[in-house]
Amino acid sequence: MTQNHTLKCDFIGGAVNHRLLYGGGRGQDLPKAVGMKAGKTPHMIDATAGLGRDAFLLASLGAQVTLIERSDVMHALLQDGLNAARDAGGLHAEIASRMTLFHGDAIDLLPSMNPEVVLVDPMHPARQKSALVKADLRAIRDIVGTDDDQLSLIQTALATASKRVVLKWPAKAAPLAGLKPCSHQIIGKSVRFDVFMT
Ligand SMILES: C[S@@+](CC[C@H](N)C(=O)[O-])C[C@H]1O[C@@H](n2cnc3c(N)ncnc32)[C@H](O)[C@@H]1O
């Protein structure tokens, strides 16, 4: 596997900050999928933290988020990004203070964490039109490869979450073979959220 040194976890500039400033609050698909409503902010575990973008969005809306990342490289990038956000002070530091990062495999860690809500966003199946896959996602794939144990991760999440499991998946992809049907879906332009009430 090649390491891509251009990949950066940046919570302060670029797309993440743009979404922070101009995103649609709790009306966005992800917060809706994890059950964030006015007055309702369950504790979340992001079992596949990656660059922390989904976790940062949820934390920016007030959620306490535990992030789990097993790749050494991705974990180090995330730690750097969180440190920079804390050093920046103000709103970014406040959001980062709601994010707790763990290094390890969520399949091993989830059972002892008693989660309420688990978000799972594994590396998605390769698309035929690979140009459509965003550059960052391609770079993450170069680092972590494909997550071949994603069914096992989701089954672990389903067995441990007391409220719901949310699977982020390409909008038009078939459901993962072997997985029970979800309770409902929130379908966006390129990704959908399959919600499993537990
Ligand atoms: C598609 S990326 C997630 C992107 C993330 N949602 C974001 O907003 O940046 C998938 C990440 O999950 C991690 N991952 C996959 N399976 C995991 C597991 N069982 N435990 C911990 N991390 C896992 C991979 O190493 C990779 O960094």
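Now for a look at the structure at hand. Bear in mind that the values here come from a model prediction, so they are computed numbers and not experimental data. (Residues numbered from 1 in each chain as written. Predicted model: local features only at pLDDT ≥ 70, side-chain atom pairs only at ≥ 80, totals over all residues. Heavy atoms only, no water.)

### Considering the site of the ligand
Here is the rule we go by: For each residue, the test is whether any non-hydrogen atom lies within 4 Å of the molecule or strand; if one does, the residue is near. Pairs of N or O atoms are called polar contacts if they sit within 3.5 Å, as long as, within protein, a hydrogen donor faces a hydrogen acceptor (for residues adjacent in sequence, only side-chain-to-side-chain pairs). To be clear on the numbers: accessible area is Shrake-Rupley with a 1.4 Å probe, and residue cover counts the displayed protein chains and nothing else.
Around the ligand, 22 residues are found, and the nearest of them are D54, E69, D105, A106 and D121. Note that a nitrogen atom of the ligand is positioned 2.8 Å from one of the side-chain N or O atoms of D54. With respect to the ligand, the backbone of R70 contributes an N or O atom lying 3.3 Å from a nitrogen atom. Contact with the protein chains removes 96% of the 610 Å² of surface that the ligand exposes when unbound.

### Points about unusual backbone geometry
Trans peptide bonds make up the majority, and among non-glycine residues the majority have a negative phi. Where we set the bar: The numbering of helices and of strands both runs from the N terminus, where a helix is a DSSP run of H or I of at least 4 residues and a strand a run of E of at least 2. Each residue's exposure class comes from its accessible area (1.4 Å probe, protein chains only) as a fraction of the maximum for that residue type: buried when under 20%, exposed when over 50%, partly exposed otherwise.
A positive phi angle, near 45 degrees, is found at N114, a position not held by glycine. Position of N114 relative to the elements: it lies in the loop between α6 (106-109) and β4 (117-120). For N114, a relative accessible area of 65% corresponds to the exposed category.

### Quick notes on the packing of aromatic side chains
Put simply, the rule is: Working definition: rings of Phe, Tyr and Trp (its six-membered ring) pair if their centres are within 6.5 Å, and the pair is stacked with planes under 30 degrees apart, edge-to-face with planes over 60 apart, and tilted otherwise.
For the structure shown, the criterion picks out 1 aromatic pair. A centroid spacing of 4.8 Å and a plane angle of 10 degrees characterise the contact between F11 and F56, whose relative ring orientation is stacked. Here F11, found in the segment before α1 (14-22), pairs with F56, found in helix α3 (residues 53-60); they are 45 residues apart in sequence, far enough to count as distant. Under the relative-accessibility criterion, F11 is labelled buried at 1%. Classification of F56 as buried rests on a relative accessible area of 2%.

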